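Secondary and tertiary structure notes
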Amino acid sequence: MSDAKTTREDEGQPGNFVADRVRADLAADAKQGRLVTRFPPEPNGYLHIGHAKSICLNFGLAALAPQGQCNLRFDDTNPEVESPEYVEAIRRDIRWLGFDWGDNEFYASDYFQQLYDWAEQLVEKGLAYVDSRSLEEIRETRGDFHRPGVDSPHRDRSVAENLDLLRKMKAGELPEGSAVLRAKIDMQSKDLKLRDPLMYRIKKVHHHRTGDAWNIYPMYDWAHGQSDAIEGVTYSVCSLEFVNHRPLYNWFLKALEIPNPPEQIEFGRLNLSYTVLSKRKLLQLVEEKHVAGWDDPRMPTVAGMRRRGFTPESIRAFADRIGVSKNDGVVDVGHLEYALREHLNETSPRVMGVLRPLELVITNWPEGKVFEAELDNLPGNESAGTRKVPFGGRVFVEQDDFLEEAPKKWWRLAPGNEVRLRGAALVTVNEVVKDDAGQVVQLKCTWDPASEGGNAADGRKVRGTIHWVSAEHAVDAEVRLYDRLFADEDPSKDFLDALNPDSLEVLTGCKLEPSVGAMEPGTRVQLERIGYFVTDSEDHQPGGPAVLNRTITLKDSWAKLAKKMGVGGK
RNA sequence: UCCGGUGUCGUCCAAUGGCAGGACAGCGGACUUUGAAUCCGCGAAUCAUGGUUCGAAUCCAUGCGCCGGAGCCA
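Per-chain numbering applies: the sequence of each chain, read as written, is numbered from 1 onward. The naming scheme follows written order: chains are lettered A onward, ligands numbered 1 onward. Owing to the predicted nature of the model, reporting of local features is limited to residues with pLDDT of at least 70; listing and counting of side-chain atom pairs is limited to 80 or more, with chain, interface and lining totals taken over all residues. Note that the side-chain values use all heavy atoms of the structure and ignore hydrogens as well as water.

Secondary structure summary: chain A contains 14 helices and 25 strands in total. Taking 25 Å as the expected radius of gyration for a compact globule of 570 residues, we find that chain A reaches 31 Å, considerably beyond that expectation. Oriented by its inertia axes, the alpha-carbon framework of chain A measures out at about 100 × 55 × 45 Å. Only heavy atoms matter for contacts: two residues are in contact if any of them lie within 4.5 Å across the pair. In chain A, of all internal contacts separated by at least 6 residues, the share reaching a separation of at least 24 is 70%. For accessible areas, the Shrake-Rupley method is used with a probe of radius 1.4 Å. Any residue's cover is judged against the shown protein chains and nothing else. In the form shown here, chain A has an accessible surface area of approximately 25,900 Å², with 48% of it arising from carbon and sulfur atoms. The convention is simple: Lys and Arg are positive, Asp and Glu are negative, and His and the chain ends are not counted. By convention, the charge on Lys lies at NZ, on Arg at CZ, on Asp at CG and on Glu at CD. A distance of 3 Å separates the average location of the 74 positive side-chain charges in chain A from that of its 91 negative side-chain charges. Working definition: helices are DSSP H or I runs of at least four residues, strands are E runs of at least two. Numbering for both runs from the N terminus. Here the globule rule reads 2.2 Å times residues to the power 0.38, and the radius of gyration is calculated from C-alpha atoms.

The structure is reproduced here in structure tokens:
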């Protein structure tokens, strides 16, 4: 809530080269007052953080003017790999991210007839022809980076013959693979995309929206720009790998004499360290069960991040902050984590929970006494109020918060070390109880009866403050500790080998503050001194089993210090 | 090797011929009933070479690096 942040958000207009261009066009009224963008997913996989960047960009651009509009268009031109399940998931994820496309939901398949009519037009103009050769022959005669292509023997078929053949393709009278429709451009072009690109291929495949109406389906290049044109899109924003397609994009629009054609603008798609963002790889992780599904909390999918406990705000802030450019860089995942912690810190109520319990008994605690500690729900934000947490003479503390031999600068539990149990009492360990194996199983302490609430009556300073949960009142929980899915900063090559073997640790018998047991699924909290958690959307039930997912740890400067000093402990 | 894109602190993004700036990360300190947050401070970059210019990250030339392109995928 600092002024600095407020200022940043007020300035919040996207400052990037695409927005600059849109603003310039707006100022010059270069687009007849129109401002239309679109987000065009293919429904063949779940949306991921890279898509989120694109969504933020496209909806953000549309928000640059009151008349701005961002369409959701499903690019469903390849029915073999697409399905309604993905359509649903995509809609859900965009909505969750906080964007609204209103009535502007479209499908490339809605335009199949228009596309086909246009194709016949191009044939009639002598700008397209049916090539009746095999895939192999077409590939071989396309040439390569060094050799020009060779004209197809069918390149100069008559308009009548082409039309007849195209209609036969459409009618399903020709077998798959026997013919394609090609744009007649230039087999000698240095730009391979312009060497008579394919417009239609025969696929006798059921489409999830058009059923069996079509035996031919348009290729991306033939469908995309024309779909943009039909929708009146002004800026067709796509990622860098499509730069090579722009001449073709423009060629089709020109050949069809589309007035005020859409304009393709490319930007660098997101790459994130310790993450893979390729649909193929994500699909493989799901299908081979390296993760539990598309919404596994370790996945960089929007669904996974949601289940992990991310907030839409943090994802949007991340997208704003990394900016948009034509550089093909790799954003350190630390940027994302920072945005996450930043928002969670402002919004997640604090509760206490002990992941690996160690019993602590206060030997001089009055028999039967229960003290109600009053703690801030959101320190620094009084409007969030306080809560009462019961404290008895027997509590659980974190095993990591006790060290029998305290290193330098260790302010937590150790024999003879006075420590504050947050909001409750000052205690000192007198006796360490071990089992036969030598494991510490209990700490016997005394407390300063004048320290109720956690402050010493004489004002002496106690540096260490630790969290606790009353044994008598604790709620048992399962806690899933998620970590990065990949151990390598760049997992792109052998990504399966790069999987982090410790990306999930499931803890049972964790002890939580009683209030957590009543929480609804999908509730975010901070477990003080540990990290941010969310009650699992599938497995947590209020009053039933408590299941928490760790969203992200708190920053841990002790761990850093300890590492530097070469000592153990948390 | 051909075509296209792109080179600015460790990372991401600005600077649109006029003081190279911000964020993240790092480091140091203050504060702290979360070793969190917050606050203060520090270090850190124009791919190279030549040219134009009073002045170049920016314009020109040459070279180099990285990314993409030869699917009936999107």
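That was the structure; now back to the text.
A few words on the side chain of Asp-536. Position of Asp-536 relative to the elements: it lies in the loop between strand S24 (531-535) and strand S25 (546-553). Here Arg-307 takes part through its side chain, which lies 2.9 Å from a polar atom of the side chain of Asp-536. With near-sequence residues (within four places) excluded, Asp-536 lies in contact with Arg-307, Arg-480, Pro-521, Gly-522, Val-547 and Asn-549. Here a polar contact is recorded for every N or O atom pair within 3.5 Å, except that within protein the pair must consist of a potential hydrogen donor and a potential acceptor, and residues adjacent in sequence are included only if both atoms are side-chain atoms.

Our focus in this paragraph is the pairing of strand S13 (residues 371-376). On S13, burial follows the alternation: Phe-371, Ala-373 and Leu-375 on one face are buried, whereas Glu-372, Glu-374 and Asp-376 on the facing-out side are not. Taken together, the six bridges between S13 and strand S14 (residues 386-391) define a ladder with antiparallel strand orientation. Residue Glu-372 lies in a different strand from S14, and its bridge partner there is Pro-390. Burial classes: relative accessible area under 20% of the type maximum marks a residue as buried, over 50% as exposed, and values in between as partly exposed (1.4 Å probe, protein chains only). Two strands are counted as paired when DSSP detects at least two bridges linking them.

The next subject is the confidence of the model for chain A. pLDDT is defined as a per-residue confidence score from the predictor, taking values between 0 and 100. The share of residues in chain A with pLDDT of 70 or more is 97%, and the mean pLDDT across the chain is 95. Here residues 1-12 is a poorly scored stretch, pLDDT under 50, and it has six contacts once near neighbours within four places are set aside; other chains count. Quick note on the complex model: pTM equals 0.96, ipTM equals 0.97.

Exposure above 30% relative accessible area and no salt bridge define the residues that can form patches, which grow by joining like charges within 9 Å and nonpolar side chains of Val, Leu, Ile, Met, Phe, Trp and Tyr within 5 Å. A carboxyl oxygen of Asp or Glu within 4 Å of a side-chain nitrogen of Lys or Arg is what we treat as a salt bridge. On the surface, a cluster of negative charge is made up of Asp-332, Asp-488, Glu-489, Asp-494 and Asp-497. Locating Asp-332 in the fold gives a position in the loop between helix H12 (312-322) and helix H13 (333-347). Using a relative accessible area of 37% as the deciding quantity, one classes Asp-332 as partly exposed.

Moving on, we get to the protein's contact with RNA strand B. Near RNA strand B, the surroundings consist of 71 residues, among which His-146, Ser-325, Arg-350, Gly-453 and Gln-526 are the closest. Of all RNA strand B atoms lying within 4 Å of any protein atom, the proportion belonging to sugar or phosphate reaches 62%. His-245 places a polar side-chain atom, nitrogen or oxygen, 3.1 Å from a base nitrogen of RNA strand B. The contact in question runs from a base oxygen of RNA strand B to an N or O atom on the backbone of Trp-411, over 3.1 Å. Among the secondary structure elements, those contributing two or more residues to the surface near RNA strand B are helix H6 (135-140), strand S6 (198-202), H12, H13 and helix H14 (557-565). Any residue outside Ala, Val, Leu, Ile, Met, Phe, Trp, Tyr, Cys, Pro, Asp, Glu, Lys and Arg is labelled polar, Gly included; the first ten of those are nonpolar and the last four are charged. Of the residues belonging to the surface near RNA strand B, the class tally is 21 nonpolar, 21 polar and 29 charged. Only a single heavy atom is needed: when it lies within 4 Å of a molecule or strand, its residue is near that molecule or strand.

The next subject is the sheet that holds S6. The four strands are arranged S4-S5-S6-S7 in an open sheet whose pairing can be described as antiparallel. Every interior strand has two partners, whereas the edge strands, strand S4 (128-131) and strand S7 (216-218), have only one. Strand-to-strand twist across the sheet, computed as the mean angle between neighbouring axes with direction ignored, equals 20°. The pairing of S4 with strand S5 (residues 180-183) spans four bridges and is antiparallel. Paired with Asp-131 across the two strands is Val-180, which belongs to S5. The convention used is that axes are lines fitted to C-alpha atoms, helices contributing only their stretch in contact, and that angles between N-to-C directions extend from 0 to 180 degrees. Sheet strands in contact with helix H5 (residues 112-124) are S4, S5, S6 and S7, and its direction is about 115° off that of S6.

Right, let's talk about the domain arrangement of chain A for a bit. Much of the literature gives interface size as the accessible area that the parts lose upon coming together. Each domain's limits were defined by an automated method or a database of domain assignments. Split by domain assignment, chain A resolves into domain 1 (31-267), domain 2 (353-467) and domain 3 (475-565). Taking the mean C-alpha position of each, domain 1 and domain 3 sit 43 Å from one another.

Turning our attention to the packing of aromatic side chains. Pairing of aromatic rings covers Phe, Tyr and Trp, the last counted by its six-membered ring, and requires centre-to-centre distances within 6.5 Å; plane angles under 30 degrees mean stacked, over 60 mean edge-to-face, and any other angle means tilted. All told, the structure shown has 15 aromatic pairs when counted by the stated rule. Judged by centre distance (5.0 Å) and plane angle (10°), the ring pair of Tyr-46 and Trp-294 falls under stacked. Here Trp-294 lies in the loop between helix H10 (279-287) and helix H11 (302-308) and Tyr-46 lies in the loop between strand S1 (36-39) and helix H3 (49-62), a separation of 248 residues in the sequence. We classify Tyr-46 as buried; its relative accessible area is 10%. The class of Trp-294 is buried, set by a relative accessible area of 9%. Taking the centre distance of 5.1 Å and the plane angle of 75° together, the rings of Trp-365 and Phe-391 count as edge-to-face.

Take the pattern of salt bridges next. According to the stated counting rule, one finds 46 salt bridges in the structure shown. Here Asp-93 and Arg-306 are joined by a salt bridge, their closest N and O atoms 3.0 Å apart. Of this pair, Asp-93 sits in helix H4 (residues 84-97) while Arg-306 sits in helix H11, and the two are 213 residues apart along the sequence. Here Glu-241 and Arg-269 are joined by a salt bridge, their closest N and O atoms 2.3 Å apart. With a gap of 28 residues between them, Glu-241 in the loop between strand S8 (235-239) and helix H9 (246-255) and Arg-269 in the loop between strand S9 (263-267) and H10 connect regions that are remote in the sequence. Salt bridges here are not isolated pairs; linked through shared partners, they connect Asp-295, Arg-307, Glu-478, Arg-480, Asp-536 and Asp-539.

Contact geometry of helix H8 (residues 220-231) with H9 gives a least axis separation of 9 Å together with a crossing angle of 60°. For the element pair H8 / H9, the angle class is oblique. In this structure, H8 crosses over H9, and the sense of that crossing is right-handed. Across the interface between the two elements, Asp-221, Trp-222, His-224, Gly-225, Gln-226, Asp-228 and Ala-229 from H8 touch Leu-248, Tyr-249, Phe-252 and Leu-253 from H9. Here the contact of H8 with H9 is composed, by residue class, of six nonpolar, three polar and two charged. Just so you know how the angles are binned, under 35 degrees is roughly parallel, over 145 roughly antiparallel, 65 to 115 roughly perpendicular, and the rest oblique. By definition, turning the near helix anticlockwise from the far helix through less than a right angle yields a left-handed crossing, and turning it clockwise yields a right-handed one.

Quick look at the packing of H12 against H13 now. At a closest axis distance of 8 Å, the pairing of H12 and H13 adopts a crossing angle of 135°. Considering their axes alone, H12 and H13 lie oblique with respect to each other. In this structure, the crossing between H12 and H13 has a hand that is right-handed. Contacts from Glu-313, Ser-314, Phe-318 and Arg-321 of H12 reach H13 at His-335, Leu-336, Tyr-338, Ala-339, Leu-340, Glu-342 and His-343. For the contact of H12 with H13, the class distribution of residues is five nonpolar, three polar and three charged.

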